[in-house]
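# Structural description and commentary
Here is how the chains run, residue by residue.
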Amino acid sequence: MTKGNNALELEQVLESAKTALKLGAIMSSDRFEKLEAIAGKLPSISEMFKLEPNRLKNFVMREGPLRADFSKQAISEHAREQLIHLAKDCHLEEWRERFFAGEKINTTEDRAVLHMALRGIGGDKAVQKQVKDMRKKLRNFAEKIRAEGKYRSVVHIGIGGSDLGPRLIADGLVASTENKFDLRFAENVDGASINDALSGLDPATTLVIVVSKSFTTQETRMNAEAARDWLAAKLGEKAGANFIAVTANRDGAEKFGIASDQIFDFWDWVGGRYSVWSAVGLSLQIAYGSDAFDEFLKGAAAMDTHFRDAPFEKNLPVMMAMTGVWNRNVLGYSSVAVIPYARRLRKLSAFLQQLEMESNGKSKTREGGDTGLTCPIIWGDEGTNGQHAFFQWLHQGTPGAPVDFVAVLKDHEARPEHHKALLANCFAQSEALMIGKSEFVVKEEMMAAGVSKADRAVLAPQKTFPGNRPSTTITLDELSPFALGHLIALYEHKVFVQGIIWGVNSFDQWGVQLGKVLANSILKEFDGGSGEHDPSTEALISLRAEKSA
Ligand code: F6P
């Protein structure tokens, strides 16, 4: 934020961020004070381009097909150095080593975190063998299904991490890879979800894949039951052949009635929101082919090795994470907008909501103490659609939000004019957010257009843009399976780094439990059971009984 511009607001956000950070004991107060002092004197982003002649070079990072431009963030070179020190203060190097070594860093669940092993990186010999065997099994199965021609449609049932990754990547792969199947998803417990997914399909030519790490998830089990009944109604005893499970709870799937040889395993060291790389991606592998899926894994593996080996100053996930920490903890922004200017990535913000907010949306440290400010709200929609909806707020709202713009440089749609317009809009938005438009310039323009002094006084402030609003622009050379893997792994590692800085366990999700327990007890009450609730909830339960009769 520019000095003098919104000075009071800046002072307030700094004060609250400072208090919150001190609570978390995630950094020495010395370091925080340095960061705070830098922020207090920070020139505007546009001014920093003038003051730092190598700014563009220093703030642009490229890794394979992915280029990330952090130069439009409100961070000076000096601030960046201090942020790197902060990462070191928080022992990020040691945590990174422990992570790749497969230590049980998910302490509250006593589990290792090894989704990188699914991409061939890290893990001990036993883990590597498990992964290799599973990859072979998945390839054989997927390629058999693709070759034999029995199935025309695949219905993927799962929710959260068992849905969002496959759904995002299913869209993304369309850009470069032929999909041989009608691939559908059912996630919500709302009956519309499974009804829509099955609508118009022939059970005889439909493969149903039920994906659930726990195999206890209410939504998934109910949708799986509905799909099983739908298959059985036409196929009778033969229905089982069209029904596959992917789970880390083999017993649960068998008890549900799925034959042992129809079950694909994954392991407790794969977190749900990090699981698209495992057998959870089976529906993608069937639809788009194992070669494309392998490329997707390779793209992620390349980002893994970069994250593991690159020094912090040149490390993309570290840079991205520390930029986020700066925006959240020092500048006090409470949300981040993720705007893919690529229809095929339109599920990116939904995917990242789970990845980031379920991982780092916490207020207790690993040791059980209080944190400072942690994960901001992640939100967004595809560009250019968002421009006609919420960009007003981004440009003039209080206080706006940092944006991640994501764009693909290659046109995959054989619509070069559309693609040019799409990119022009993307680049224009980050520029507009940064440069803004002063009231002085607006008034000059109005004067030249003959607008009266009285009208100028009223209208000019409305037409003024404060500018100095930070963003990162990520471009992919093309939307290949490799680039998709690269992009998702970048965000995964960003989340890991931020979790370390904030002192939380990024790999559990206790905050989802209470609502699930209460939903189960309310459900029993719908069927005649008794329970006690607050008056508002009681009234809702009674209302349902009245109206659904
Ligand atoms: O309720 C949250 C959650 O546990 C997520 O962490 C998980 O991705 C999702 O539910 C689905 O869980 P499962 O794969 O076990 O069905």
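Position numbers for residues count from 1 along each chain, tracking the sequence in the order it is written. Owing to the predicted nature of the model, reporting of local features is limited to residues with pLDDT of at least 70; listing and counting of side-chain atom pairs is limited to 80 or more, with chain, interface and lining totals taken over all residues. Side-chain measures here rest on the full set of heavy atoms in the structure, leaving out hydrogens and waters.

Right, let's get into the sheet that holds strand β7 (residues 263–265). Taken in spatial order, the 5 strands of this open sheet run β4-β3-β5-β6-β7, and their pairing is parallel. Single-partner strands in this sheet number two, and they are β4 (182–186) and β7. Across the sheet, the mean angle from the axis of one strand to that of its neighbour is 20°, orientation sign disregarded. With 5 bridges joining them, strand β3 (residues 153–157) and β4 adopt parallel strand pairing. Note that in β4 the partner of S153 across the bridge is D182. Relative to the sheet, helix α7 (residues 125–148) contacts β5 (206–211), β6 (243–247) and β7, its axis offset from that of β7 by approximately 145°. Only heavy atoms enter the contact rule, under which two residues are in contact if any of them lie within 4.5 Å. Convention adopted: a line fitted to C-alpha atoms gives each axis, helices being fitted over their contacting stretch, and angles between N-to-C directions are expressed from 0 to 180 degrees. Strands are runs of DSSP state E lasting at least 2 residues, helices are runs of H or I lasting at least 4, and numbering of each runs from the N terminus. Those strands touched by helix α9 (residues 191–198) are β3 and β4, and its axis lies near 170° from that of β4. When DSSP finds two or more bridges between a pair of strands, those strands are recorded as paired.

One heavy atom suffices: a residue is near a molecule or strand as soon as one of its heavy atoms comes within 4 Å of it. Near the ligand you find 13 residues, and of these S162, S212, S214, T217 and E358 are the closest. Side-chain polar atom of S212 to an oxygen atom of the ligand: 2.6 Å apart, as the coordinates give it. Contacts described as polar in this section are N or O atom pairs within 3.5 Å, which, within protein, must combine one atom able to donate a hydrogen with one able to accept it, while residues neighboring in sequence count only if both atoms come from side chains. Contacts to the ligand include K213, whose backbone N or O atom sits 2.8 Å from an oxygen atom. Out of a free accessible area of 390 Å², the ligand has 86% covered by protein chains. Under this grouping Gly is polar, as are all residues other than the nonpolar Ala, Val, Leu, Ile, Met, Phe, Trp, Tyr, Cys and Pro and the charged Asp, Glu, Lys and Arg. Here the shell around the ligand is composed, by residue class, of 2 nonpolar, 8 polar and 3 charged. Using a 1.4 Å probe, the Shrake-Rupley method yields the accessible areas, and only the shown protein chains count as cover for residues.

Right, let's talk about the nonpolar core for a bit. Take the buried residues of types Ala, Val, Leu, Ile, Met, Phe, Trp, Tyr and Cys, join any two whose side-chain atoms come within 4.5 Å, and each joined set is a nonpolar core. Accessibility here uses a 1.4 Å probe with only protein chains present; expressed as a share of the type maximum, an area under 20% marks a residue as buried, one over 50% as exposed, and anything in between as partly exposed. Counting 120 residues, the largest nonpolar core has W269, I286, W326 and F496 as the members making the most contacts within it. Considering every element that reaches this core, the biggest residue donor is helix α20 (residues 481–502), with 13 residues. Here the bounds of each domain stem from an automatic or database domain assignment. Here this core gathers at least three residues from each of two domains, domain 1 (5–103 + 310–435 + 469–508) and domain 2 (115–295). Counting 21 residues, the second-largest nonpolar core is a separate cluster that includes A197, L198, A253 and I258.

What follows concerns the packing of helix α5 (residues 77–89) against helix α14 (residues 316–330). One way to put it is that α5 packs onto α14 with a least axis distance of 10 Å and a crossing angle of 105°. Classed by the angle they form, the pair α5 and α14 counts as roughly perpendicular. Across the interface between the two elements, A79, R80, L83, I84, L86 and A87 of α5 pack against V318, M319, M322, V325 and W326 of α14. For classification purposes, angles smaller than 35 degrees are called roughly parallel, those larger than 145 roughly antiparallel, those between 65 and 115 roughly perpendicular, and all remaining angles oblique.

All right, on to the domain arrangement of the protein then. Interface size, as often reported, equals the accessible area lost upon joining of the parts. Segmentation of the protein into domains returns domain 1 (5–103 + 310–435 + 469–508), domain 2 (115–295) and domain 3 (511–548). Of note, the centres of domain 2 and domain 3, computed from C-alpha atoms alone, are 32 Å apart.

Let us now look at the side chain of T472. Tracing the backbone shows T472 in strand β11 (residues 471–476). The exposure class assigned to T472 is buried, which follows from its relative accessible area of 2%. Ignoring any residue separated from it by four or fewer positions in sequence, one finds T472 in contact with D69, F70, Q73, V403, D404 and F405.

Across the sheet, 6 strands lie side by side as β1-β2-β11-β10-β8-β9; this open sheet has mixed pairing. Both outer strands of the open sheet, β1 (60–63) and β9 (377–379), are each paired with one neighbouring strand and no more. Direction aside, neighbouring strands of the sheet carry axes that sit 15° apart on average. Pairing of strand β8 (residues 335–341) with strand β10 (residues 403–408), which is carried by 5 bridges, proceeds in the parallel orientation. Opposite P340, over in β10, you have V406 as the bridge partner. Sheet strands in contact with α14 are β1, β2 (66–69), β10 and β11, and its direction is about 140° off that of β1.

Disulfides are covalent bonds that connect the sulfur atoms of two cysteines. Cysteine sulfur atoms are paired as a disulfide whenever they fall within 2.5 Å. For the structure on display, the rule yields 0 disulfides. Free cysteine: C375, not disulfide-bonded; nearest cysteine sulfur from C90 at 16 Å. Looking at C375, the relative accessible area reads 13%, which means it is buried.

To estimate the expected span of a helix, count its residues, drop one, and scale the result by 1.5 Å. In this model, helix α15 (residues 348–360) (13 residues) spans 17 Å end to end at C-alpha, consistent with the 18 Å of a helix rising 1.5 Å per residue. Looking at the buried side of α15, the elements it contacts are α8 (164–173), β8, β9, β10 and α20.

We now examine the pairing of β5. Among the 6 residues that make up β5, 6 are buried, leaving the element largely enclosed by the rest of the structure. Pairing between β3 and β5: 5 bridges, direction parallel. Each bridged residue has a counterpart across the sheet, and for H156 the counterpart in β5 is I209. Two elements, β5 and β6, share 4 bridges in a ladder whose sense is parallel. Opposite V211, over in β6, you have V246 as the bridge partner.

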